[in-house]
Amino acid sequence: MVGNPAYPSYQVLLAAGVAAVITAVVMPFFIKLMRHEGLGQQVRADGPKRHLVKQGTPTMGGIVILLGIVVTTLLMAPWSPMLFLALFAMLATGALGLLDDIESVAHKRSLGLTPSQKMVGLTIVCIIFCLVAVNYCGIAPTIEFPGGATLDLGVLSTTIGGVQVPWFYMFFVFLLLAGLSNAVNLTDGLDGLAGGTVLVVMVVMAMVAFNEDQLGLSVFAASIVGACVGFLWYNCYPASIFMGDTGSLALGGAFAALAVLTKTEICSLVMGGLFIVEALSVIIQVVSFKATGKRVFLMAPLHHHFEKKGWSETKVVIRFWIVSAAFAVLGFALYFQLG
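The model shown is predicted, which means the values in this text are computed figures rather than measured ones.

What counts, and at which threshold
Numbering of residues starts from 1 in each chain and follows the order in which that chain's sequence is written. Thresholds applied to this predicted model are a pLDDT of at least 70 for local features of residues and 80 or more for the giving and counting of side-chain atom pairs; totals over whole chains, interfaces and linings are not thresholded and use all residues. Hydrogens and water are ignored here; the side-chain numbers use all heavy atoms of the structure. The helix count covers DSSP runs of H or I at least four residues long, the strand count covers runs of E at least two residues long, and both are numbered beginning at the N terminus. Expected helix span is given by 1.5 Å per residue-to-residue step, counting one fewer step than there are residues. Partly exposed residues are those whose accessible area sits between 20% and 50% of the maximum for their type, while under 20% is buried and over 50% is exposed, using a 1.4 Å probe and protein chains only. Any two of the Phe, Tyr and Trp rings considered here, Trp counted by its six-membered ring, make a pair once their centres fall within 6.5 Å; the pair's planes then place it as stacked at under 30 degrees, edge-to-face at over 60, or tilted in between. Two conditions define a charge sitting above a ring: the NZ of Lys or the CZ of Arg must be within 6 Å of the ring centre, and it must be within 35 degrees of the ring normal. Strand pairing follows a simple DSSP-based rule, namely that at least 2 bridges must link the two strands. We define a salt bridge as a contact between a side-chain nitrogen of Lys or Arg and a carboxyl oxygen of Asp or Glu at a distance within 4 Å. Take the buried Ala, Val, Leu, Ile, Met, Phe, Trp, Tyr and Cys residues and link them wherever side-chain atoms come within 4.5 Å; each set so joined is a nonpolar core. Angular values range over 0 to 180 degrees, each being the angle between N-to-C directions of two axes fitted as lines to C-alpha atoms, with helices fitted over their stretch in contact. In this scheme, a crossing is called left-handed if the near helix is turned counterclockwise away from the far one by less than a right angle; it is called right-handed if the turn is clockwise. Residue contacts are defined here by distance: any two heavy atoms, one from each residue, within 4.5 Å place the two residues in contact. When residue character is reported, Ala, Val, Leu, Ile, Met, Phe, Trp, Tyr, Cys and Pro are called nonpolar, Asp, Glu, Lys and Arg charged, and the others, Gly included, polar. A 3.5 Å cut-off defines polar contacts: any pair of N or O atoms within that distance qualifies, except that in protein one atom must be a possible hydrogen donor and the other a possible acceptor, and neighbouring residues in sequence count only when both atoms are side-chain atoms. Here a patch means residues that are over 30% exposed by relative accessible area and free of salt bridges, tied together within 9 Å if like-charged and within 5 Å if nonpolar (Val, Leu, Ile, Met, Phe, Trp, Tyr). Accessible surface area values rest on a Shrake-Rupley calculation with a 1.4 Å probe, where residue burial reflects the displayed protein chains alone.

## Side note on helix 4 (residues 115-136)
Between the first and last C-alpha of helix 4 there are 31 Å, a value that for 22 residues agrees with the 32 Å anticipated at 1.5 Å per step. Within the sequence span of helix 4, burial applies to Lys-118, Gly-121, Leu-122, Val-125, Cys-126, Phe-129, Cys-130, Leu-131, Ala-133 and Val-134. Looking one or two residues beyond helix 4, the residue adopting positive phi is Gly-138, at roughly 75 degrees.

## Re the packing of aromatic side chains
One pass over the structure, following the stated rule, counts 7 aromatic pairs. An aromatic cluster of at least three residues, connected via ring pairs, comprises Phe-306, Trp-311 and Phe-320. Lying over the aromatic face of Phe-289, Arg-295 brings its terminal NZ or CZ to 4.3 Å of the ring centre. Across the ring face of Trp-311, the terminal group of Arg-319 is positioned such that the distance to the ring centre comes to 4.7 Å.

## Focus: the pairing of strand 4 (residues 163-166)
For strand 3 (residues 157-160) and strand 4, the ladder comprises 4 bridges, and the chain directions are antiparallel. Following the sheet pairing, Ser-157 is matched in strand 4 by Pro-166.

## What to know about the pattern of salt bridges
In this structure the tally under the stated criterion is 3 salt bridges. For Lys-118, the salt bridge identified is with Asp-100, shortest N-O distance 3.6 Å. Highlighted residues: Lys-118 in helix 4 and Asp-100 in helix 3 (residues 81-107), separated in sequence by 18 residues. In this pair, the class of Lys-118 matches that of Asp-100, namely buried. Linking Lys-263 and Glu-265 is a salt bridge whose minimum nitrogen-to-oxygen distance equals 2.9 Å. For Lys-263, a relative accessible area of 13% corresponds to the buried category. Shared partners join several salt bridges into a network, and the residues in it are Asp-100, Lys-118 and Asp-245.

## A few points about the nonpolar core
Counting 92 residues, the largest nonpolar core has Met-90, Tyr-169, Met-202, Phe-220, Ile-224 and Leu-261 as the members making the most contacts within it. In terms of residues, this core owes the most to one element, helix 7 (residues 215-235), which gives 13 residues.

## Thoughts on the packing of helix 2 (residues 62-76) against helix 7
As a packed pair, helix 2 and helix 7 sit with axes 9 Å apart at the nearest point and diverge in direction by 145 degrees. For the pair helix 2 and helix 7, the crossing hand works out as right-handed. Contacts between helix 2 and helix 7 pair Ile-65, Ile-69, Thr-72, Thr-73 and Met-76 from the former with Val-219, Phe-220, Ser-223, Ile-224, Ala-227 and Phe-231 from the latter. Tallied by class, the residues present in the contact of helix 2 with helix 7 amount to 8 nonpolar, 3 polar and no charged.

## Structural notes on the environment of Thr-187
Inspection of the secondary structure puts Thr-187 in helix 5 (residues 167-187). In this structure Thr-187 comes out as buried when scored by relative accessible area, which is 0%. Thr-187 sits 142 residues away from Val-329 along the chain, and the two C-alpha atoms are 19 Å apart. Here Thr-187 is in contact with Leu-193, Ala-194, Thr-197, Phe-275, Glu-278 and His-303, once residues within four sequence places are set aside. There is a polar contact of 2.8 Å between the side chain of Thr-187 and the backbone oxygen of Ala-183.

## Description of a nonpolar patch on the surface
Together, Val-155, Leu-156, Ile-160, Trp-167 and Phe-168 line one region of the surface with nonpolar side chains, adding up to about 500 Å² of accessible area. Residue placement: Ile-160 occurs in strand 3.

Here you go:
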């Protein structure tokens, strides 16, 4: 383990710096590779017209983000079953996103895997993650609310081959993991938007894990912060590369994993409030159009609505960063109400 474990806060801060350097150094070579291979982003035909210039921009930058996170975590974090499980959740959802990106690039369309294919993949990841968390990491199948209230979701459990299967809690974890993965994925629609919003949320998650004496998870979250910083150097407007579903699904999966492993499932929904709002805007738009034939927003997800209203892309991104930070701080405040 690199660094001085006698100073854990230094370890966490150093991890962010190392991940940022790794990502920033490797990314230019990856961008050249993607351009050489002609692997670029496919833009939605019904999106804002100014997005058409992004057609062909290198994508799958999430591969380098994950490289920076994994290398830094393996070098600097004390090993634990929880850390291993967090890495699994991130890499498994990232692999699903990679398949989606490959499908999209191969067929030169903005859509990759079908929703049902994604759900099957996320269901498998969730089942493995939840069973390992409960049976081998000591995670209680409960939900803790601010103020001290606890909801036991392990009341309907089955033991299969010595493995406890908490059905209600598993379903809840599925909603959390699948929901956050897809919500971050939906947020990834403007240059710097997903990277910046994930960054501010992960700063708070690193502090939560540190306060829970989970140094490994804190280093892991800090590595995500650093990797996002290194990525944003190339993803800020006008972007030289996009993270693709490889990055967005993986970062959402990592967020959900940290929420479960630090027992901050409810607080995480507040911390990631911007992602929830983005996802809800899509749901509201679809339901409204199917029920009434009318759209609530000019375009969904919500960031495109403000683009359609005339906001510049950078204005939307920076204001969404600010809103994300406000949600993260509110969630962090609620976290201290759990004790």
